[in-house]
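Architecture at a glance
Single-letter residue listing:
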Amino acid sequence: MRIVPANTWRFVFDGLVQSSLALRDNGLRTLLSILGITIGIASVMAIGTISKGGNYIVLNELKTFGLNSVWVYRANDVKDPNRTLRQGTGIEVADLKVLGAGCCPAVRRMSPIAYTMGTARHVIRVGNRFSNAQMFGVGTDYGVINNDGLSAGFYFRQEDVARRRAVAIIGPTTRDDLFGPGTNPIGKEFYIDAMKFTVIGLLEHKSRDFLASIRPVEDANNRILLPYSAFHVLMGNQDIHAIQAESLSPAHAERAVTQITAVLDGLHNRRYPYKADTMQAYIGTADHILRGVSLVGVVAASVSLLVGGIGIMNVVSNSVVERTKEIGLRKAIGASQAHIMFQFLMESVMISTIGGTLGLALGAAASMVLAWVTGFPLIPSWSLIFLALAVSIMVGILSGYYPARRAARLRPVIALRYD
Amino acid sequence: MIVLRDVRKSYMLGDVPIPVLKGISISIERGEFVAIMGPSGSGKSTLLNLIGCLDNLDQGEYHLADTPIAGASEDELARIRSQRLGFVFQMFNLIPRINALRNVELPLIYAATPPEERTRRAFRMLEAVGLANRADHVPSQLSGGQQQRVAIARAIVNQPDVLIADEPTGSLDSHAGEGIMHLFKELNRSGITIVMVTHEEDIAAHATRVIRLRDGVIEQDARR
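Basis of the calculations
- Residues numbered from 1 in each chain as written.
- Chains lettered and ligands numbered in written order.
- Predicted model: local features only at pLDDT ≥ 70, side-chain atom pairs only at ≥ 80, totals over all residues.
- Helix = DSSP H or I, 4+ residues; strand = E, 2+ residues; numbered from the N terminus.
- Rg over C-alpha atoms; globule rule 2.2 N^0.38 Å.
- Buried ≥ 20, exposed ≤ 12 C-beta atoms within 10 Å, placed from the backbone.
- Contact = placed C-beta atoms within 7 Å.
- Nonpolar A, V, L, I, M, F, W, Y, C, P; charged D, E, K, R; others polar.
- pLDDT = per-residue confidence, 0-100.
- Domains from an automatic or database assignment.
- Pairing = 2+ DSSP bridges.
- Core = buried A, V, L, I, M, F, W, Y, C linked by C-beta atoms within 7 Å.
- Axes fitted to C-alpha atoms, helices over the stretch in contact; angles between N-to-C directions.
- Expected span 1.5 Å × (residues − 1).
- Bend = angle between axes of the 7 residues up to and from the residue.
- Parallel < 35°, antiparallel > 145°, perpendicular 65-115°, else oblique.
- Left-handed = near helix turned anticlockwise from the far one by under 90°.

1. Here we look at the overall build of chain A
Per the secondary structure count, chain A includes 15 helices and 12 strands. Radius of gyration (C-alpha) of chain A: 33 Å, far over the 22 Å computed for a compact globule of 419 residues. With the C-alpha coordinates aligned to their principal axes, the bounding extent of chain A is approximately 105 × 50 × 40 Å. Looking at chain A as a whole, 42% of its 419 residues qualify as buried. When contacts within chain A are restricted to residue pairs at least 6 apart in sequence, long-range pairs at least 24 apart make up 86% of them.

As structure tokens, then:
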């Protein structure tokens, strides 16, 4: 193996030419052995596309909650709902003054959230048109924190909250239900129970189809946002159920939770236990699930690649046996072990690389079909293509190594005598 | 050029060593044309393989152009074959997939000759054996005699010191065989040492020296 000619490039190029001669000979057999690699690489590609597309979709839908969002609320460890009600929510309106005034360095902005709790039904209507929208009482920064853009109108101002103005921001589905599809609801009025509200903003459409398919989430498009003060008037209480805050960055999420909880603990003398959710934790969970799905696919693809590799090993082994005499001749006329080794190794690498390239094409086609069927976005990935080619070359080297070494070690006298 | 001193070689048949060469000493000068003859089993092919550096000897000494061969590694032998030796076989041993010119080029590939020079030299060799007009024919399109001429062109393309020929006319009719011998004599006159195994007396008659083997020893060594 020590004799590698001074001109390495010529050695490589000539070796490739000699290898390619044999491939043409055994066209069908080569093609069949390619199949395993092709299918393996195609599955790798398809899995990559699915997992990338899935990631994209999940991240995009999670974005609809604000990527830096954290939620802090009272831990509800009491099973009796009436007792829970009596004990309060652990967050009071008075707390908001302290929480708002730059209390927490890791927090950029925050908003209280009040929900409709219990079984009380509220009738939302305009004339004989009704809506089953979910209502939220929120602060002025809620829209920014929760990534809620407006397609028309304006968001609440501080004044609206302070004066308990009966103004509302509604989702597109709510608009359709109350005023008819495609209408401009700004300035129009509707009733919640007996209280009249004026629409000042229309929420942008949000897609949460994928998340909704995993766990029940609120319908982002069928919401009514009210100033929490007006919401309190409507409900006849002073409940704040949660604080939604935006941390400075995803990395600040945990710190933001700690700081908010510490302020609340201070305000309430540690009377309530608090719980928190962070967007980061949700993203982590989603990643985990997608990775699990990908892993199953990767295992399946690996099996296919393994089978393909064994197929190539078989082809190259056969090729070595069939050409024993030729190997003897090549050695007689001056081929070193390195020459022979390289020739057969490259034969195997060529087969696997051709297989890999076909697999890339097939995988791209499969990805397009999958993207079309699942509605996932098609995200081309250079790193994935590079990986697939690297894997097929690796398979070629691994499966070609043993037969190539056997060829290189054939003794010329014996090889020449072989029939 | 070739000096063998008390060379021994045996093959293992299971655990039992079968001696094939039992102490051969030969000295072949540059420019000789030697025919090795002998009945089958006499060791003539084994001897030729040793001289051709295709196999290593068990005991004794072998110098090829003053280079000791005994104990050389596989790759050293490969280099010596590439630089000093040319081979012609009974079955021609051309690679069937490639044309005559590419076949002749092969030894130059292993000698790392630049591509342009390769083609030029290979073509000149085909001219020398009278097959320039068959350069782009694959072996199956050539007659036996023509194939052997291509093989000879291949053997001499890297200007070897010694041409090793194993029954070069064994698969040819007598007319084609005569042609090959004619070519051998021409090559020999140009300075190439030839060592040839044959069992045909009239072929051996072209050589300048005939070595007869029997049972692994030299029976007769006659110069003409």
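This is not the end of the story, as more comes after the structure.
2. Focus: the overall build of chain B
Counting its secondary structure elements, chain B contains seven helices and 10 strands. The C-alpha atoms of chain B give a radius of gyration of 17 Å, which matches the 17 Å a tight globule of 224 residues would have. For chain B, the spread of C-alpha atoms along the three principal axes comes to 50 × 35 × 35 Å. Counting across all 224 residues of chain B, residues that qualify as buried make up 47%. The long-range fraction of contacts in chain B, counting pairs at least 24 apart against all pairs at least 6 apart in sequence, stands at 69%.

3. Focus: the interface of chain B and chain A
Listed as interface residues are 21 residues of chain B and, on the opposing side, 23 residues of chain A. Contributions of two or more residues to the side of chain B that touches chain A are made by helix 2 (74–84) and helix 3 (100–110) of chain B. Top contributing element to the side of chain B that touches chain A by residue count: helix 2 of chain B, with six residues. Of the residues in the side of chain B that touches chain A, the class split is 11 nonpolar, three polar and seven charged.

4. Digging into the confidence of the model for chain A
For chain A, the average pLDDT comes to 87, and 97% of its residues sit at 70 or higher. Across chain A, the element-wise mean pLDDT spans from 71 in helix 3 (residues 81–87) of chain A up to 96 in strand 7 (residues 167–170) of chain A.

5. Quick notes on the domain arrangement of chain A
Residue and element names in this part refer to chain A. The domains assigned to chain A are domain 1 (8–61 + 285–417) and domain 2 (68–281). Of the residues lining the interface, four residues belong to domain 1; the matching set on domain 2 comes to five residues. The element that contributes the greatest number of residues to the side of domain 1 that touches domain 2 is helix 2 (residues 27–62), accounting for three residues.

6. Focus on the pairing of strand 10 (residues 217–223) of chain B
Within a regular strand, side chains alternate between the sheet's two faces. Residue and element names in this part refer to chain B. The pairing of strand 9 (residues 209–214) with strand 10 spans six bridges and is antiparallel. Within strand 10, the residue paired with Ile211 across the bridge is Asp221. Connecting the antiparallel pair strand 9 and strand 10 is a turn made up of two residues, with Asp215 showing a positive phi of about 50 degrees.

7. Quick notes on the nonpolar core
The biggest cluster of nonpolar side chains holds 169 residues, and the ones touching the most others in it are A:Ala168, A:Ile260, B:Val34, B:Ile36, B:Leu163, B:Ile194 and B:Val195. Considering every element that reaches this core, the biggest residue donor is helix 2 of chain A, with 13 residues. Both domain 1 (8–61 + 285–417) and domain 2 (68–281) of chain A contribute no fewer than three residues apiece to this core.

8. A look at the pairing of strand 2 (residues 16–28) of chain B
Residue and element names in this part refer to chain B. Of the strand pairs in this sheet, strand 1 (residues 2–13) and strand 2 are connected by 10 bridges, and their pairing is antiparallel. Opposite Ser10, over in strand 2, you have Pro19 as the bridge partner. In this structure, the hairpin formed by strand 1 and strand 2 is closed by a connection of two residues, where Gly14 is found at a positive phi of approximately 70 degrees.

9. A word on the sheet that holds strand 8 (residues 193–197) of chain B
All names here are of chain B. With respect to topology, six strands assemble into an open sheet ordered 6-7-8-3-9-10, the strand pairing being mixed. Sheet topology places strand 6 (85–88) and strand 10 at the edges, where each strand pairs with a single neighbour. Geometrically, the sheet is characterised by an average inter-axis angle of 15 degrees between neighbouring strands, direction not taken into account. In terms of strand pairing, strand 7 (residues 162–166) meets strand 8 through five bridges, oriented parallel. Each bridged residue has a counterpart across the sheet, and for Ala165 the counterpart in strand 8 is Met196. Along the sheet, helix 5 (residues 144–156) contacts strand 6 and strand 7; its crossing angle with strand 6, the most-contacted strand, is approximately 170 degrees.

10. Focus on the environment of B:Asp161
All names here are of chain B. Examined against the element boundaries, Asp161 turns out to sit in the loop between helix 5 and strand 7. Asp161 gets classed as partly exposed once you count the C-beta atoms within 10 Å, which come to 17. In contact with Asp161, other than residues within four places in its own chain, are Met1, Ala65, Arg84 and Thr193.

11. Description of unusual backbone geometry
Residue and element names in this part refer to chain A. Of note in the backbone geometry, Arg164 takes a positive phi value of approximately 55 degrees without being a glycine. Looking at where Arg164 falls in the secondary structure, it is placed in the loop between helix 6 (158–162) and strand 7. For Arg164, a count of 16 C-beta atoms within 10 Å puts it in the partly exposed group. Despite not being glycine, Asn269 has its phi angle at roughly 55 degrees, a positive value. Position of Asn269 relative to the elements: it lies in the loop between helix 10 (253–267) and strand 12 (274–278).

12. Thoughts on helix 14 (residues 382–409) of chain A
Residues and elements named next belong to chain A. The terminal C-alpha atoms of helix 14, which comprises 28 residues, lie 39 Å apart, in line with the 40 Å expected from a rise of 1.5 Å per residue. For helix 14, the principal kink sits at Tyr401 and spans about 45 degrees; a proline, Pro403, occurs within the next four residues. Taken together, the buried residues of helix 14 touch helix 2, helix 11 (279–322), helix 12 (324–332) and helix 13 (337–374).

13. Digging into the sheet that holds strand 4 (residues 59–64) of chain B
Residues and elements named next belong to chain B. If you trace the four strands from one edge of the open sheet to the other, you get 2-1-4-5, paired in antiparallel fashion. Of all strands in the sheet, those with a lone pairing partner are strand 2 and strand 5 (67–68), marking the two edges. Pairing geometry for strand 1 and strand 4, over five bridges, is antiparallel. Counterpart to Ile2 in the pairing with strand 4 is Leu64.

14. Concerning the packing of helix 11 of chain A against helix 14 of chain A
Residues and elements named next belong to chain A. Packing of helix 11 against helix 14 leaves a shortest axis separation of 9 Å and a crossing angle of 30 degrees. Between helix 11 and helix 14, the interaxial angle falls into the category roughly parallel. The handedness of the crossing between helix 11 and helix 14 is right-handed. Contacts between helix 11 and helix 14 involve Leu305, Gly308, Gly309, Ile310, Ile312, Met313, Val316, Ser317 and Val320 from the first element and Val391, Val395, Gly396, Leu398, Ser399, Gly400, Tyr402, Pro403, Ala404, Arg406 and Ala407 from the second. In the contact of helix 11 with helix 14, the residues fall into 13 nonpolar, six polar and one charged.

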